[in-house]
Amino acid sequence: MIKILVSDPISEVGLKSLLDAEDIQVDIKTDLNSQELKSIIGEYQGLLVRSQTKVTKEIIEAGKHLLVIGRAGVGVDNIDIKAATEHGIAVINAPDGNTISACEHTLAMLLSMSRWIPQAHNDLTQKQWNRKKYVGVELNNKVLGIIGLGRIGLEVAKRAKAFNMILIGYDPFTTEEQAQKNGIQLKSLEEVLRQADFLTVHTPLTKETKYMIDDKQFSLMKKGIRIVNCARGGIIREEALIKALNEGIVEAATIDVFEKEPPLDSPLLDHPKVITTPHLGASTKEAQLNVAIDVAKEVYHYLAGVPYKNAINMPSLPSDILNHLKPYIPLAEKLGTFISSVIMGGIQKVEIIYSGDIIEEEIDYLTRNILKGILRQHMGITEVNDVNADVMAKRRNIEVVEIRSNKTHGFTNLITVKLTTNIEEKSISGTLLNGYGPRFVNFNGSTIDVIPEGHLIITEHIDKPGIIGKFGTLLGNAGINIGTMQVGRNKVGGTAIGIFGVDKEVEDHILDELIKVENVSNTYYVEL
Ligand SMILES: NC(=O)c1ccc[n+]([C@@H]2O[C@H](COP(=O)([O-])OP(=O)(O)OC[C@H]3O[C@@H](n4cnc5c(N)ncnc54)[C@H](O)[C@@H]3O)[C@@H](O)[C@H]2O)c1
Ligand SMILES: O=C(O)CC[C@@H](O)C(=O)O
């Protein structure tokens, strides 16, 4: 039974697919403090959160059985992604479900700020009829600067256009063409800051975006600018914002997200020109249902080994691409397992050559599976998986080189893995034969044709008469039946290899017998 903990309030209707699954137990405990969470997280394979639960390194380390963390929403800054990746835990978010709500909240903030609606309402609740105090400004013909032109930024642009605003934006990861298509003039950050009458930020909180709006940036702004932050606290430095408000650079600000949440001691809450909401951007019935449905489905798919698309720390592949790659995945892992079973020494380099139709695919995914095979087999690292394979290789100073080549050697697709250790270098090539499944087709330069499955004995010997016969006798005497056999050599009388598919597990003492046969240099055993 798989156990999933839901530690923040997430729509139960949206979680229905998990709640109804027979093989999954879902525990909903939304009032745990971090100590309580730490003490029980070890029981769970899955953790579902919104933005309240801080999934720290400590929590991740205590989650000995965690396989997946699902985030019902976009921002994953409350999850230590690095620690999750190192522990092989997939982090999956639900980025689409709350876009419209966050965008509409931004528009609500823009409009209420331009007409001082909350302040005027407050006065009126105090029986003060202050018509002169609250003179606003129109959005019409004003320049709106949008920082971050992703899902929410572009939806905001669409709606701001309806108010006849002039749209300028900054996003180093988008193109001029894409911006123009959405009616936005792409500019440098400095230009946006200098020209905007209204400014709204829609980036994630990263090392690069933390405090991207600080004293220096405020000093570039037009006097009287109005600012919205419905993205993440910390993109705008709060201290600098307060200063800019007090100096009259910023006329008004609307803030949904804070550097520390809840921000109960923040001076922003008391500032007369600031409108605040308690991180409500995604708090609509529709968004909460959407993100819960999305994250439940994705987590379920991840646990069931079915294609999913929104993993943060793994290549996110559309399901059609993942389905196409699927048959190559076991071949990739088996190439890694095989080559690392027949080599001696500490691995220094893994070179992977992809050729043929496979080069059009997301080969990073296959590389992770090759590395998984190598690290599990050669180093006994059982915790390695698709999520952390490349991190683990890097941590062990293994150089990983991916090459796309057009030399297919007559195959429609070919994957060659060359392994270099401090002692030797060996290679294995495999292909996927249409309708026949995976095959190993070359080992250290010798052509072979091996179905990579079951129990395999591999021998390295000199190409001389009688050796294969002796192997047969030895194995026969040990009650081991040879089901398939492949021999190859680089030249007559030269170095030869034998790959024997046998019907049962081979113990070490049998390999010791085989290596005693004259002219045999090495024997190995691998189960695929
Ligand atoms: N207030 C809320 O409740 C709420 C709800 C949903 C999303 N959010 C937040 O809104 C933000 C945007 O979400 P989204 O779904 O649009 O994300 P997104 O990933 O679709 O868009 C983010 C955009 O920011 C851009 N970007 C990244 N680094 C940048 C930088 N240094 N400078 C400028 N642009 C940069 C990216 O290229 C991307 O286009 C996130 O921080 C998210 O967590 C808040
Ligand atoms: O959980 C929430 O309501 C906030 C979600 C929002 O900040 C997000 O990043 O998706």
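Residues numbered from 1 in each chain as written. Chains lettered and ligands numbered in written order. Predicted model: local features only at pLDDT ≥ 70, side-chain atom pairs only at ≥ 80, totals over all residues. Heavy atoms only, no water.

By the naming in an unreviewed UniProt entry, the chain goes by D-3-phosphoglycerate dehydrogenase and is assigned to Garciella nitratireducens DSM 15102. Of the chain, the UniProt comment under Function (unreviewed entry) reads exactly: "Catalyzes the reversible oxidation of 3-phospho-D-glycerate to 3-phosphonooxypyruvate, the first step of the phosphorylated L-serine biosynthesis pathway. Also catalyzes the reversible oxidation of 2-hydroxyglutarate to 2-oxoglutarate." (UniProt positions renumbered as here; feature names shortened; annotations may be inferred.)

A word on the site of ligand 1. Taken together, 26 residues are adjacent to ligand 1, and Arg151, Ile152, Asp171, Thr203 and Asp256 come closest. Arginine 232 has a polar side-chain atom sitting 3.4 Å from an oxygen atom of ligand 1. Relative to its unbound accessible surface of 860 Å², ligand 1 loses 88% to contact with the protein. When the residues that make up the shell around ligand 1 are grouped by side-chain class, the tally is 13 nonpolar, 9 polar and 4 charged. (Near = heavy atom within 4 Å. Polar contact = N/O pair within 3.5 Å; in protein donor to acceptor, adjacent residues only side chain to side chain. Areas by Shrake-Rupley, 256 points an atom, 1.4 Å probe, with all protein chains shown as cover. Nonpolar A, V, L, I, M, F, W, Y, C, P; charged D, E, K, R; others polar.)

Let us now look at the packing of helix H14 (residues 328-341) against helix H15 (residues 363-379). Between H14 and H15, whose axes approach to 7 Å, the crossing angle comes to 35°. Judged by the sense of rotation from one axis to the other, the crossing of H14 with H15 is right-handed. Packed against H14, whose contacting residues are Tyr328, Ile329, Ala332, Glu333, Gly336, Thr337, Ser340 and Ser341, the element H15 presents Tyr365, Leu366, Asn369, Ile370, Lys372, Gly373, Ile374, Arg376, Gln377 and His378 at the interface. (Axes fitted to C-alpha atoms, helices over the stretch in contact; angles between N-to-C directions. Helix = DSSP H or I, 4+ residues; strand = E, 2+ residues; numbered from the N terminus. Left-handed = near helix turned anticlockwise from the far one by under 90°. Contact = heavy atoms within 4.5 Å.)

Turning our eyes to something else, we now look at the pairing of strand S6 (residues 143-147). Burial runs high along S6: 5 of the 5 residues are buried. With burial as the criterion, each face of S6 is covered, one bearing Val143, Gly145 and Ile147 and the other bearing Leu144 and Ile146. Two elements, S6 and strand S7 (residues 166-170), share 5 bridges in a ladder whose sense is parallel. Each bridged residue has a counterpart across the sheet, and for isoleucine 147 the counterpart in S7 is tyrosine 170. Note on the crossover from S6 through helix H7 (residues 151-162) to S7: the handedness is right-handed. Note that S6 and strand S9 (residues 198-201) share 4 bridges and pair parallel. Residue pairing for S9: isoleucine 147 is matched across the bridge by valine 201. (Buried < 20%, exposed > 50% of the residue type's maximum accessible area, 1.4 Å probe, protein only. Pairing = 2+ DSSP bridges. Right-handed = clockwise from strand over helix to strand, strands pointing away.)

Let us look at the site of ligand 2. Near ligand 2 you find Arg50, Ser51, Arg71, Gly73, Val74, Gly75, Asn98, Arg232, His279, Ala282 and Gln288, and these make up its full shell. Within the side chain of arginine 71, a nitrogen or oxygen atom sits 3.2 Å from an oxygen atom of ligand 2. Measuring from an oxygen atom of ligand 2, one finds a backbone N or O atom of valine 74 at 2.5 Å. When ligand 2 sits alone it has 300 Å² of accessible area, and the protein chains cover 92% of it. Among the residues making up the shell around ligand 2, the classes are represented as 2 nonpolar, 6 polar and 3 charged.

With that settled, the discussion passes to the nonpolar core. The biggest cluster of nonpolar side chains holds 69 residues, and the ones touching the most others in it are Phe338 and Ile415. When residues of this core are assigned to domains, at least three fall in each of domain 1 (2-96 + 286-314) and domain 3 (322-527). Setting aside residues up to four positions removed in sequence, phenylalanine 338 forms contacts with Ile428, Phe440, Phe443, Leu456, Ile458, Ile499, Val526 and Leu528. If you look at the next biggest cluster of nonpolar residues, it comprises 31 residues, including Leu199, Ile227, Ile235 and Ile249. (Core = buried A, V, L, I, M, F, W, Y, C linked by side-chain atoms within 4.5 Å. Domains from an automatic or database assignment.)

This part is about the domain arrangement of the chain. Parsing the chain into structural domains produces domain 1 (2-96 + 286-314), domain 2 (99-276) and domain 3 (322-527). Computed from C-alpha atoms alone, the centre-to-centre distance between domain 1 and domain 3 is 37 Å. Listed as interface residues are 12 residues of domain 1 and, on the opposing side, 12 residues of domain 3. Both sides together, the interface formed by domain 1 and domain 3 hides about 850 Å², and carbon and sulfur atoms give 62% of it. For the interface between domain 1 and domain 3, the tally reads 1 salt bridge. The salt bridge involving arginine 395 is made with glutamate 86; its shortest N-O contact spans 3.6 Å. Between the two partners, domain 1 and domain 3, sit 2 residue pairs in polar contact (both at pLDDT 80 or more). Grouping the constituent residues of the side of domain 1 that touches domain 3 by class yields 6 nonpolar, 5 polar and 1 charged. (Buried area = accessible area lost by both parts, 1.4 Å probe. Salt bridge = Lys/Arg side-chain N within 4 Å of Asp/Glu carboxyl O.)

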